[in-house]
Structure formats: C-alpha cells, structure tokens
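# Residue-level structure breakdown
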Number of protein chains: 4
Amino acid sequence: MKNTAKLLLYCPDRPGILAEVTDFITVNKGNIIYLDQHVDRVENVFFMRIEWELEHFLVPPEKIEDYFATLYAQKYRMSFRLYFADKKPRMAIFVSKLSHCLFDLLARYTAGEWHVEIPLIISNHTDLQPVAERFGIPFHHFEITRENKAEQEVRERELLAQHGVNFIVLARYMQVVSEEMIAAYPNRIINIHHSFLPAFVGAKPYHAAFERGVKIIGATSHYVTTELDAGPIIEQDVVRITHKDEIEDLLNKGKDLEKIVLSRAVRKHIERKVLVYKNKTVIFN
Amino acid sequence: MKNTAKLLLYCPDRPGILAEVTDFITVNKGNIIYLDQHVDRVENVFFMRIEWELEHFLVPPEKIEDYFATLYAQKYRMSFRLYFADKKPRMAIFVSKLSHCLFDLLARYTAGEWHVEIPLIISNHTDLQPVAERFGIPFHHFEITRENKAEQEVRERELLAQHGVNFIVLARYMQVVSEEMIAAYPNRIINIHHSFLPAFVGAKPYHAAFERGVKIIGATSHYVTTELDAGPIIEQDVVRITHKDEIEDLLNKGKDLEKIVLSRAVRKHIERKVLVYKNKTVIFN
Amino acid sequence: MKNTAKLLLYCPDRPGILAEVTDFITVNKGNIIYLDQHVDRVENVFFMRIEWELEHFLVPPEKIEDYFATLYAQKYRMSFRLYFADKKPRMAIFVSKLSHCLFDLLARYTAGEWHVEIPLIISNHTDLQPVAERFGIPFHHFEITRENKAEQEVRERELLAQHGVNFIVLARYMQVVSEEMIAAYPNRIINIHHSFLPAFVGAKPYHAAFERGVKIIGATSHYVTTELDAGPIIEQDVVRITHKDEIEDLLNKGKDLEKIVLSRAVRKHIERKVLVYKNKTVIFN
Amino acid sequence: MKNTAKLLLYCPDRPGILAEVTDFITVNKGNIIYLDQHVDRVENVFFMRIEWELEHFLVPPEKIEDYFATLYAQKYRMSFRLYFADKKPRMAIFVSKLSHCLFDLLARYTAGEWHVEIPLIISNHTDLQPVAERFGIPFHHFEITRENKAEQEVRERELLAQHGVNFIVLARYMQVVSEEMIAAYPNRIINIHHSFLPAFVGAKPYHAAFERGVKIIGATSHYVTTELDAGPIIEQDVVRITHKDEIEDLLNKGKDLEKIVLSRAVRKHIERKVLVYKNKTVIFN
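So, a few notes on the structure that sits alongside this text. Model, not experiment: these values are computed from the prediction.

From N to C terminus, chain A includes eight helices and 13 strands. Against the 2.2 N^0.38 benchmark of 19 Å for 285 residues, chain A shows a C-alpha radius of gyration of 21 Å, consistent with a compact globule. Dimensions of chain A along its principal axes, counting C-alpha atoms only, are 60 × 40 × 35 Å. Taking all contacts inside chain A whose residues are at least 6 apart in sequence as the whole, residues at least 24 apart take part in 66%. Approximately 11700 Å² of chain A is accessible, and the part contributed by carbon and sulfur atoms is 49%.

Below you can see the structure in the form of structure tokens.
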C-alpha cells in the first residue's frame, strides 16, 4: 500500500478553488486517486476531499501543510486538515455493560477491516473486561459517581493522552461525557444513540418508541456536543417493526441496527471522510 | 366475488376466545378465508380479525351483529365491528394546493385498485379543482378563515353526511381540523404528515430535517386526534438523503414517500385491517 | 430561471482534465453551479458532469460545442454531450394496458415536477386512451401483430421524428421493441422491469418470485438494449414480502415500486444525470 | 423462565383445525402464550405454530407427542414437530477463512442473546482456529480435497452425532456439502449466500453484481438442498450501492449484510419459527 495524503477543506465558495488545488497536486507530480467536492449553496461554502499518492510528489510530506497554508488556505480563507495514510488513527472505546457494539468493533479490528489502532478500552463498569481480555486490549475501569466524575475524567484524559488517542467511540457508554472531555476531543467523540434522532432524545428510547406506536425504529451515530443527542449526525438507519414487537423485540432489532450504524460511522471517520460544518456533516463517498 | 363478513374485535385475553369464535362460524357453515389474531401481553388484550364467506352461512347477514353481541361480545367484554364486503366504504378527500397525493389516490381509484367510493373532494382552495374535474369527482370549495372555520366545518359535515361518507383522507390538507370534526369521525380521518413522526411535529418538517442534518427523512400516516400529529400511526416509511440534498430535493423525495405511505394506509383502512387501541394500531396482515 | 449549460463527458483518466475543464468555464466567466466527477479505477476512465450559468459566459451557446470539441475533447479523447436548460427534452410514452406507471408520469408532468414535454403517447391497445385524453395528451394506437410489427414500428418512428421526440419511456409496454427502434434511440429508451434484475428476466416475474419463495421483490429501470432485460440499470428498489403475500399482493406491492422506480429513472434522465459506459450507468447526484 | 411446549404443524386445510388444537390445550389447562397460523390458499394447506406453558398442563411432556399424534395428527393428516423450551438446540458452525459471520454468531452466543448451545466449530482451514479459541469453543480441522471429501464428511458426521448436534450453520463455509450430509440434516443446514438470490447463484456473486452494474446488492440465508443455492429462503436483505462502489466496497458492504441476514435466520430457526413446505418457508412472527 502506497502512502497517500488526504486533504479535507472548506472555505467560502469562489471560482477557481478546485482548479487551483488540483493543479497544485498535479504540477508537483502527485497522482490524485480520490476527489470529491460539494458546494453548499445555502451557506455558499465549498467543501472538498482530495487524496493523492506521495511516491513522486515533489513537496516532502512534512512540508505540505505549511506550503498549502501559505499558498492557498490564506488566499481562500480555508479551514483544512491534512492526514497521511501511513499514520494510523488511534481510537479509544468507552463501554458500560452492553456488549454488542463492542464485539462488533473488536471483530472488525481483529479481522483487519479497519486502518486503526485501539490501544485501550475504558469503562465505568467491569462487566465487559472479559471481552476486552479475549481480544487482548487493555481494559481500564473508572467507576463514576456524581461526586468523582470530574476527577475520574481528568484521569481518563491523562490516560488517553498517554496512549496518543485521536478519537473516542462511545459504544453504548451509559454516561454523559463532560464539557471538558468534549472540548478535548471536538468532533472526535462518536456516539451511538438508539433511536432515529431527533425522535426520542435521551433515556429509554425503545420504550418511548413502543409507547408511541411507531412502525419503524432507528439508530443514529453522531459526534458528541454539549447538547445531549444533538451533535452532527454521521449515519442513521432504520428497521421496520409491527404491533407484534414487544419492547424486548425492539431492543433486539435495535442492537443489530446500533452496531452496524456505529461501525459505519467509525469507518467513515477512520477513512477521513467526514467534515463537520455548523452542526451538520458532509460525508464524502 | 362472493360476499364475506369481516369481523374485528378486541377484549381482555382469556383462554378459549379464538376457539369459540371460529367454532361459531364453522358450525354455522361459514367458510373462514382469513384469520389473524394478536395478543398484547403488556395490556393483556386479545385482538382478532376474521373473514368468512356468507354463501352458506346459516345466520342471515342482518342478524349476525345481534347474535354475535348476545352470544360472545357480552361474555368476553368485546369491542367489535362487523363489515360486509358487498358494502363499499365511502371516502372523502380533503386537499389544499399540493396535487401529488390526490393524483395518486385518484389514479388508484380510477384503475379500480381499491374497493371504495369517492363521492366528493373538499378543499379550502380552488387550485386542485381541475384535477377533480379531470377525474370526474365533484369538488367543493370551502374557504377557511379563522373567523368562519367553525361555521364552514358545520357545512362540510352536512355535506359529508349527505354523501354517506364513512371516512376522510387528508391528502396534504393544510388546515388543522377541529375537535368537532374529529369527534364526528373518530379514528376515521387519515392524515399524511411529511416527517418521520414523532420527529418534526408541526409545520415545515423538511426545513427542520434539513436544519438538523438528518441522513434519512420519512413520512407518517396516522389517524387524526385532537393532539397535533400525535394520533395512532398506521404506516411510515423513509428514504435516505445526503448532505447534497437541498430543501427542494427533500421536498421532491418526500412527495414520493408521502403518496405511497398515505395510499398504503388508506388501503389498510379500506380493507378493514386496522384496529385502534389506546392510541396505537394493530395492523392485520 | 437562468439558462445553464450541462456538459457530460468521459475519457481516459489523465492528470489535469478536471482542472482544465473547470478553468475553461471559469476563465470565460461561467458560474459553475454543479460539478460531480468519478474515476473508474478498473477501466481507468474519467467521468464528469458540470453545469454552469450562461448569463455572463463569454462563449456564445451555439459555439460552445465546437470550442470544447476543438480545445479539449480531441486532446483528451473525450466523448461528451452538451445540453442547455432552456431546451426541454421531449419524451414519448409507450403503454399497453396497465395504468399505474402512466398515471404517475402524467401526474408529475401535469404538476410541473419535471422539465420535459410529452407530445404523445403510443400504445398497442386502446385501453388507456381515456387516461391520455383526461390529461390532454394525444394518443396514438398502433395495433401490433407478428406480421405487421416491423411496418408499424416504421410508422411509429416517423411519428416520433415528426414530434421531435428525444427519448422514450416504456411504461409497462408489453412488447419487445425491435433492434431498429433501439438503434434509433440508443440509451434513450427507458424500460421498467417488474423484478429485481438480473433475477427473473422475462415474462411473469412476480409469479416466478412467488414460486421461488423470495422474501423481497424489486423493480428495475434500465435502458433498453438488444438483449432482453440486460441493458444498463438506472435505478432499482425493493420491498419486503412474506409467505402471507399471494401473487395478487406481489402485483399490488410491485405496482407501487414500479412507478416510483421508473419515475426516479426518468427524472435522472431528464436532468441529464445519467452517463452510460459499457452497459453500466454513472448516475451523477 | 417457565417451560413451554412449541408445536409446529401443517395439514390440508379444513374447518375446525384451529378450534380443535387450541381447545386441546385450553381444556388440559395449558396457557397459550403464542399462536400464529397461515393458510396457503393456492396449495390449500393450513400452517400453525402454537406455544403454551406446561406448568399446569395436565398431559405430561413426554406424552404430548403421542397424544397429539393419536388424537389430531391422524385425523387431519398433519405433519408436526414438538419442541420444549427447556431443551436447548445444539448448533455446529462450519467456517473457512472469513471471520465476520463467525464473530457475529459467537458474540451473540457469548452475550446470551440466543437460547442455543454451540458445542463445536468445524473448518476446512485453520485460519479461524484462534477465533474459536478466543471464545472457548472446540475447533476441529478437516482438510477437504476432492479425493478425501466423502471420507472426511463421514468423520464430521460422526463428530456431529457425538455432540448431539441438531443443526448446522455454514458461516461462509466455502465447500459444497454432499448429498449425504444434507440427507442427515434435512432443512437443518443454514447457509448464507452473498447475493440476492436467485440473482447471482454460485461463485463470486459480488464480482457478477459489479459486472452487471446493479444498484442494490443483497444477501440470502436459506436451507441447503441438493440443488446449489436453490433451497428454501429464510431471510434476505439488501443495501444500496452506486457506480462509485468498487468490488472491495461491495465486499465490505456485503459483509455487514451477510452477518445480519445469517444471524436473523439462525435466530428464527432457534426460536422454532420456520416451517418448510415445498421448498418455501413459512416464517412465523
């Protein structure tokens, strides 16, 4: 696998951006292997994701960011991020007691489906320690009470920093994470909510769905922001139910949805295909 | 097509109901051609829909209701409804300005897809009068203002009564119907709401969905109750969208959803396959 | 609505194409309002759709094709097509006896959903003449027998030519169209097949699906080629069924699928968002 | 959890069956907690699944089968099966090299999602031995060549018999099982085929789907019969793809489908909710 650079950017839409950026890469002998762009005509914002092979690229990897910032980002008032394929993102998983999402994440990791490292799992309970051990991933238990929460999260963040964690996946983690944690990982904490948001925000959504008598239930994966279940949505999916489905059936059908939806969102994040703008996501394909 | 009786009932669940009801029909030489039952184990309620041919049935059609009430409904504290296949339900359509649902309903009606009569269309605007005329259905215009609403609805109800209307379909009718109207047609007014309820109740749901950045939009058909968009849900469906979809795209994709979801709900209602219990529906298959 | 040019092209992938084409438009003061591109890495082919406003564009509309061919198409060995928004495509509908797709197409046309003209409807039966009349579209009846087929099609093509028809929609037209007709409208005859192709090619697919006991049925819209039901697929969709669904239920559920799938395909075609390459389609979004 | 009896049956449809069977249970003080029936009006066959609590049932469990056969099965020419909830079915998993389905099955097993025992895993390769060990399930390797296949299958069947295996799940097992094996487990070998059957029977369906340019791919779980990929379908599902998806994307999206579809089918089988009749399934809900 050849090393590549992945550039994600957005800026006010103006003629010529796309031509200039592709030209910069082509002229410097980069072989573009992916390009997707989007113009938000309401906000008048241009979004782009471009990936190119570095083998013959004339600008050394460590200087690309600086060059690009100087030559283009200033001119076009761009926000941009640059990633290299040879640097695997490092992901921490937070869990509580339910195992289905954790198993799904670890099975994919073990099977080599994803280009990612998982240096640790953090939990407020010990129930899933055996699962972590079975997959050989260090498991850290931080019991959370109302009193010790802030303090425990400080310790968690230290641990995350030590392990060079880039982003966090809340795999049915049954604790609201604090503003400090969110500030430390802005648009880098991925949650799975077990409803079709914005319907049934908060606790016990399957019970609420059952009460309401809906004919379809859903799951939503989103970045965590300070407002509960209101962050930018990355992925959603649904499944049909009938009056014959009891709450336990909803829970079971929901579990299958949750793990697939969460894993799709995590994959998109790992592949650097998500851009957040004003509480909404652009998902490059 | 042979004439049949369709019986829908519910009652507290007890052993023997199903056996007794089927026995009543079989012993009297009715040929059962449909049976579906459901037990709600939370509420402990038994639901049933049964249909049988009347050709050799020993109880004359006009006496079935009385016999059944006396012999079984009392004993089991049943709520029940009896319908005959040779009696077509009569449906009124209420519209405003959008034509997609109306066209879909009238195309099915004209093609003979449904066993129903549509004696009239009522509208608070004149925009769709040409559509009604094209299909040869009488069109009645009742302009609605805040001041005349109660009065106009009285006239509408008179007209509906004159035409022997059994149920009403709000095909993107952009007026909240009054409590009096709802009381006159309890669980007999079918609405289509252009969102995946309970998300985005009320006006402009596609705009709200766009704002929120959801990845799936939906449509919901439900019986109208006095609480806005909160009645028993009959049918829902969804379609996937992306960040590339602008509000106009949502409106367009939504239209296709709305008409199909509404028509599915109307079909279920016409076929007498919907039973309402405590703001939820049992949909027999 | 401002006039725009829509350019669809493909060519062997090489660096710089995208930059050059966008540059051509930008430099000549065209305001790009849409751009989507795709690289097929198996075939090494570059695909692109670009749309720009003509208001201030320096090259007069009637010369764009010539300029583009000379300056770029030759150099990059491009196949390309140029369309102008102010020129509505002209579509003929072929039908037989089933009305659901026809009603759906005409309802959209009447409601102004599509930027298209429908100058005529052609049928091998007279059943749907009243529908055509209801919508005010000229209806032409060409009875087809094995003996007169070639001859009748010649007359049909003359009629199509007289009306300046650009493309044909087979809305459940129950006749195989000849090679001559296909040659006259290459990748311009859109069919709806009532199965999830390539499953159940040919006649009576719902019966075949019922026999096989599938749990999902589908519909497929594709361009007609000389091999039956094997042309480039534009759109497909599916719906779930159960063992309780009899053939008539499949037919009914299928009808809803067919009309929606066909209309989605027709919309994509009208919007010039479909490019055919080697019996497959690129569908720009 | 109280012990229950689950009875599945079919027979020629005649009046009174349902009433008699439910009566038998009710009279003998069995509490019916589940009942679903279906009449195939084409074949004129009655299907039924009924489940009741045994706590106060007057007929001792070990005699129910005999009583039922004598009193009803003869009279109505029924085929029937009786299961008890306190007896867990025993399932063997056959795998080759791909891990996604195996992980999904074992995760559910470990989490206690299913009422089943998995005494062993059999494979024609050793690749997945570490996965089996991680979950603590005995793993048996039987290398298969054209020459030794019959002989190895004899040994496999001995092993399955020793472990009291009731049914087999082929979790992407890349070997055609022999007629002898199928005869030993009729309608008890569940396969997952990675296409939307009957499209793309046989090897490399994703490649075939890519070639054909379909817009939706699927997965199908079915009972294995002697005709390849032609057995009774238990469950199917699909996912949308676009021209941008390369074969690798199809493989990835397909994996998620396959594991969910297979697990849904296995759940239905474990819950005794599948009845096979003439190469089609009745799936009780």
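Continuing now.
Turning to the packing of helix α1 (residues 17-27) of chain B against helix α1 (residues 17-27) of chain D, a few remarks are in order. Contact pair α1(B) / α1(D): the axes reach a minimum separation of 8 Å and the direction vectors enclose 150°. The orientation of α1(B) relative to α1(D) falls into the category roughly antiparallel. Relative to α1(D), the crossing made by α1(B) is left-handed. Taken together, the residues of α1(D) that come into contact with α1(B) (itself represented by B:Leu18, B:Ala19 and B:Thr22) are D:Leu18, D:Ala19 and D:Thr22. Here the contact of α1(B) with α1(D) is built from residues that sort into four nonpolar, two polar and no charged.

What follows deals with the interface of chain A and chain B. Every contact between the two is made by 36 residues of chain A and, on the other side, 36 residues of chain B. Taken together, the two surfaces of chain A and chain B that pack against each other cover about 3100 Å², and 55% of this comes from carbon and sulfur. Among the residues of chain A in contact with chain B, A:Arg212, A:Lys215 and A:His243 are the three that bury the most area, contributing 22% of the side total. In this structure, A:Asp237 engages B:Arg240 in a salt bridge whose closest nitrogen and oxygen atoms are separated by 3.4 Å. When residues of the side of chain A that touches chain B are assigned to their parent elements, the largest contribution, seven residues, is made by strand β11 (residues 233-240) of chain A. Residues of the side of chain A that touches chain B, tallied by class, amount to 15 nonpolar, eight polar and 13 charged.

On the surface, A:Val176, A:Val201 and A:Leu228 cluster together into a nonpolar patch covering about 260 Å² of accessible area. With respect to the secondary-structure elements, A:Leu228 resides in the loop between β10 (216-223) and β11.

The next subject is the relation of the copies chain C and chain A. Of the transformation superimposing chain C on chain A, the axial component is 0.0 Å and the angular component is 180°, with the fit at an RMSD of 0.0 Å. Viewed as a symmetry operation, the transformation between the two copies matches a two-fold axis. Taking C-alpha positions as the reference, the residue of chain C nearest the rotation axis is C:Ala19, at 2.1 Å. Both copies share a contact surface, since 100% of the interface residues of chain C are interface residues in chain A too.

Interface size is commonly expressed as the accessible surface area that is lost when the partners come together. Between chain C and chain A, the contact holds 14 residues from the first and 14 residues from the second. With both chains or domains summed, chain C and chain A bury close to 990 Å², and 48% of this area falls on carbon and sulfur atoms. For the pair chain C and chain A, the number of links is zero salt bridges. Taken together, the links from chain C to chain A amount to four residue pairs in polar contact (both at pLDDT 80 or more). When contributions to the side of chain C that touches chain A are tallied by element, the ones reaching two or more residues are α1 (17-27) and β2 (31-40) of chain C. A total of six residues in the side of chain C that touches chain A trace back to one element, the largest contributor, which is β2(C). Residue classes in the side of chain C that touches chain A are distributed as seven nonpolar, five polar and two charged.

We now examine the sheet that holds strand β4 (residues 79-84) of chain C. Residue and element names in this part refer to chain C. Spatially, β2-β3-β1-β4 is the arrangement adopted by the four strands of the open sheet, whose pairing is antiparallel. Each of the sheet's edge strands pairs with one partner strand only, and the pair in question is β2 and β4. Averaged over all adjacent pairs, the angle separating strand axes in this sheet is 10°, with direction ignored. Sheet analysis places strand β1 (residues 4-12) next to β4, joined by six bridges and oriented antiparallel.

Attention now goes to the relation of the copies chain A and chain B. For the pair chain A and chain B, the relating rotation is 180°, the translation along its axis is 0.0 Å, and the fit reaches an RMSD of 0.0 Å. Residue by residue, 100% of the interface of chain A is reproduced at the interface of chain B, so both copies engage with the same surface.

The subject of this paragraph is the pattern of salt bridges. If you walk through the whole model with that rule in mind, you get 77 salt bridges over all chains. Across the salt bridge formed by C:Glu113 and C:Arg108, the nearest N and O atoms sit 3.0 Å from each other. Overall, the relative accessible area of 16% leaves C:Glu113 in the buried class. Salt-bridge contacts for D:Arg157 lead to D:Glu153; the nearest nitrogen and oxygen are separated by 3.7 Å. Of this pair, D:Arg157 and D:Glu153 both sit in helix α5 (residues 149-162), separated by four residues, roughly a single helical turn. Of the residues examined, D:Glu153 reaches a relative accessible area of 4% and is grouped as buried. Members of the salt-bridge network, linked through shared partners, are A:Asp104, A:Arg108, A:Glu113, A:Arg267, A:Glu271, A:Lys273, D:Asp256 and D:Lys259.

Here the focus is the state of the cysteines. A complete count under the given rule lists zero disulfides over all chains for this structure. With no disulfide partner, A:Cys101 has as its closest neighbouring cysteine sulfur the one in D:Cys101, 18 Å distant.

So, about the sheet that holds strand β5 (residues 90-95) of chain C. Residues and elements named next belong to chain C. Taking strand neighbours across the sheet as the criterion, the seven strands line up as β7-β6-β5-β8-β9-β10-β11 in an open arrangement whose pairing is mixed. Looking at the sheet topology across the chains shown, the edges are occupied by β7 (139-141) and β11 (233-240). The sheet shows a mean angle of 20° between the axes of neighbouring strands, direction not considered. Strand direction decides the pairing type here: strand β10 (residues 216-223) and β11, joined by seven bridges, are antiparallel. Bridge pairing in β11 places Ile217 opposite Val239.

This part covers the environment of B:Leu58. All names here are of chain B. By the element assignment, Leu58 lies in the loop between β3 (45-53) and α2 (61-76). Of the residues examined, Leu58 reaches a relative accessible area of 53% and is grouped as exposed. Between the C-alpha atoms of Leu58 and Lys244, which are 186 residues apart in sequence, the distance is 64 Å. When near neighbours in sequence (up to four residues on either side) are disregarded, Leu58 contacts Val27, Asn28 and Lys29.

What follows covers the packing of aromatic side chains. Two numbers describe a pair of aromatic rings. These are the distance of the centres and the angle of the planes. Counted under the stated rule, the structure contains 52 aromatic pairs over all chains. Aromatic pair C:Tyr10 and C:Phe47: ring centres 5.8 Å apart, planes at 45°, arrangement tilted. Here the residue C:Tyr10 occupies a position in strand β1, and C:Phe47 occupies one in strand β3 (residues 45-53), the gap between them amounting to 37 residues. Classification of C:Tyr10 by relative accessible area gives partly exposed; the value is 22%. With 5.1 Å between their ring centres and 75° between their planes, D:Tyr10 and D:Tyr277 make a pair best called edge-to-face. Remark: D:Tyr277 occurs in strand β12 (residues 274-277) and D:Tyr10 occurs in strand β1 (residues 4-12); sequence separation between them is 267 residues. Feature note: the residues A:Phe24, A:Trp52, A:Phe57, A:Phe68, A:Tyr72 and A:Phe80 constitute an aromatic cluster, connected by ring pairs. Cation over ring: A:Lys280 sits above B:Phe210, and NZ or CZ is 3.6 Å from the ring centre. Against the face of C:Tyr34 rests C:Arg49, its NZ or CZ located 4.4 Å from the ring centre.

Parameters at a glance
Residues numbered from 1 in each chain as written. Chains lettered and ligands numbered in written order. Predicted model: local features only at pLDDT ≥ 70, side-chain atom pairs only at ≥ 80, totals over all residues. Heavy atoms only, no water. Helix = DSSP H or I, 4+ residues; strand = E, 2+ residues; numbered from the N terminus. Rg over C-alpha atoms; globule rule 2.2 N^0.38 Å. Contact = heavy atoms within 4.5 Å. Areas by Shrake-Rupley, 256 points an atom, 1.4 Å probe, with all protein chains shown as cover. Axes fitted to C-alpha atoms, helices over the stretch in contact; angles between N-to-C directions. Parallel < 35°, antiparallel > 145°, perpendicular 65-115°, else oblique. Left-handed = near helix turned anticlockwise from the far one by under 90°. Nonpolar A, V, L, I, M, F, W, Y, C, P; charged D, E, K, R; others polar. Buried area = accessible area lost by both parts, 1.4 Å probe. Salt bridge = Lys/Arg side-chain N within 4 Å of Asp/Glu carboxyl O. Patch = residues over 30% accessible without salt bridge, like charges linked within 9 Å, V, L, I, M, F, W, Y side chains within 5 Å. Least-squares fit on C-alpha atoms with pLDDT ≥ 70 in both. Polar contact = N/O pair within 3.5 Å; in protein donor to acceptor, adjacent residues only side chain to side chain. Pairing = 2+ DSSP bridges. Buried < 20%, exposed > 50% of the residue type's maximum accessible area, 1.4 Å probe, protein only. Disulfide = S-S within 2.5 Å. Phe/Tyr/Trp six-rings, centres within 6.5 Å; stacked < 30°, edge-to-face > 60°. Lys NZ or Arg CZ within 6 Å of the ring centre and 35° of its normal.

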